[in-house]
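Chain by chain, the residues run as shown.
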Amino acid sequence: MDKGLRRIAGVMMMIAGIACDVWLAFGAPDDWEGAARVLRFGLGLASTGAITWGAGLIFWLPKHEHPEAADVT
């Protein structure tokens, strides 16, 4: 995948994850009970994962481009 396209996809995923987290924190109904409460928890985990995965897409570095580990001997 092209570097620019990957970074745009990462930014879009982060924006979507942050928007979902903000909605869950400030706009979601507080009277969700039973299965809806579990769904709300799952949405929170998924949106946090989307933020993490988006950051991974933005700052991704292929294995062949990794800098060599410093030799501390």
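Residues numbered from 1 in each chain as written. Predicted model: local features only at pLDDT ≥ 70, side-chain atom pairs only at ≥ 80, totals over all residues. Heavy atoms only, no water.

**Student:** Pulling in residues and values, what's your account of the overall build of the chain?
**Tutor:** For the chain, the helix and strand inventory stands at two helices and zero strands. Here the chain, with 73 residues, has 18% of them falling under the buried criterion. Sequence separation of 24 or more characterises 66% of the internal contacts of the chain that already satisfy a separation of 6 or more. Summed over its atoms, the accessible surface of the chain is roughly 5800 Å², and 70% of this surface lies on carbon and sulfur atoms. (Helix = DSSP H or I, 4+ residues; strand = E, 2+ residues; numbered from the N terminus. Buried < 20%, exposed > 50% of the residue type's maximum accessible area, 1.4 Å probe, protein only. Contact = heavy atoms within 4.5 Å. Areas by Shrake-Rupley, 256 points an atom, 1.4 Å probe, with all protein chains shown as cover.)

**Student:** So what's going on with helix 2 (residues 35–58)? Which residues, and what values?
**Tutor:** Across its 24 residues, helix 2 extends 34 Å between first and last C-alpha, which sits within 8% of the 34 Å expected from 1.5 Å per residue. Here helix 2 has its buried residues at G44, S47, A50, G54, L57 and I58. Those residues of helix 2 that are buried are in contact with helix 1 (3–27). (Expected span 1.5 Å × (residues − 1).)

**Student:** Now, about the pattern of salt bridges: what can you tell me, with residues and values included?
**Tutor:** A complete count under the given rule lists one salt bridge for this structure. The shortest N-O distance in the salt bridge between E33 and R37 comes to 3.9 Å. Per residue, the accessibility class of E33 equals that of R37, and both read exposed. (Salt bridge = Lys/Arg side-chain N within 4 Å of Asp/Glu carboxyl O.)

**Student:** Kindly report on a nonpolar patch on the surface, identifying the contributing residues and their values.
**Tutor:** A cluster of nonpolar residues, I8, V11, M12 and I15, forms a patch on the protein surface that exposes about 380 Å² of accessible area. If you trace the backbone, M12 turns up in helix 1. (Patch = residues over 30% accessible without salt bridge, like charges linked within 9 Å, V, L, I, M, F, W, Y side chains within 5 Å.)

**Student:** So, the packing of aromatic side chains: which residues are in play, and what are the values?
**Tutor:** In total, this model carries one aromatic pair according to the counting rule given. Lying over the aromatic face of W32, R40 brings its terminal NZ or CZ to 5.8 Å of the ring centre. (Phe/Tyr/Trp six-rings, centres within 6.5 Å; stacked < 30°, edge-to-face > 60°. Lys NZ or Arg CZ within 6 Å of the ring centre and 35° of its normal.)

**Student:** A description of the packing of helix 1 against helix 2 should follow, citing residues and the corresponding values.
**Tutor:** At a minimum axis distance of 7 Å, the contact between helix 1 and helix 2 shows a crossing angle of 155°. As judged from the angle between their axes, helix 1 and helix 2 are roughly antiparallel. For helix 1 against helix 2, the interelement crossing comes out left-handed. Its residues placed into classes, the contact of helix 1 with helix 2 shows 15 nonpolar, six polar and four charged. (Axes fitted to C-alpha atoms, helices over the stretch in contact; angles between N-to-C directions. Parallel < 35°, antiparallel > 145°, perpendicular 65-115°, else oblique. Left-handed = near helix turned anticlockwise from the far one by under 90°. Nonpolar A, V, L, I, M, F, W, Y, C, P; charged D, E, K, R; others polar.)

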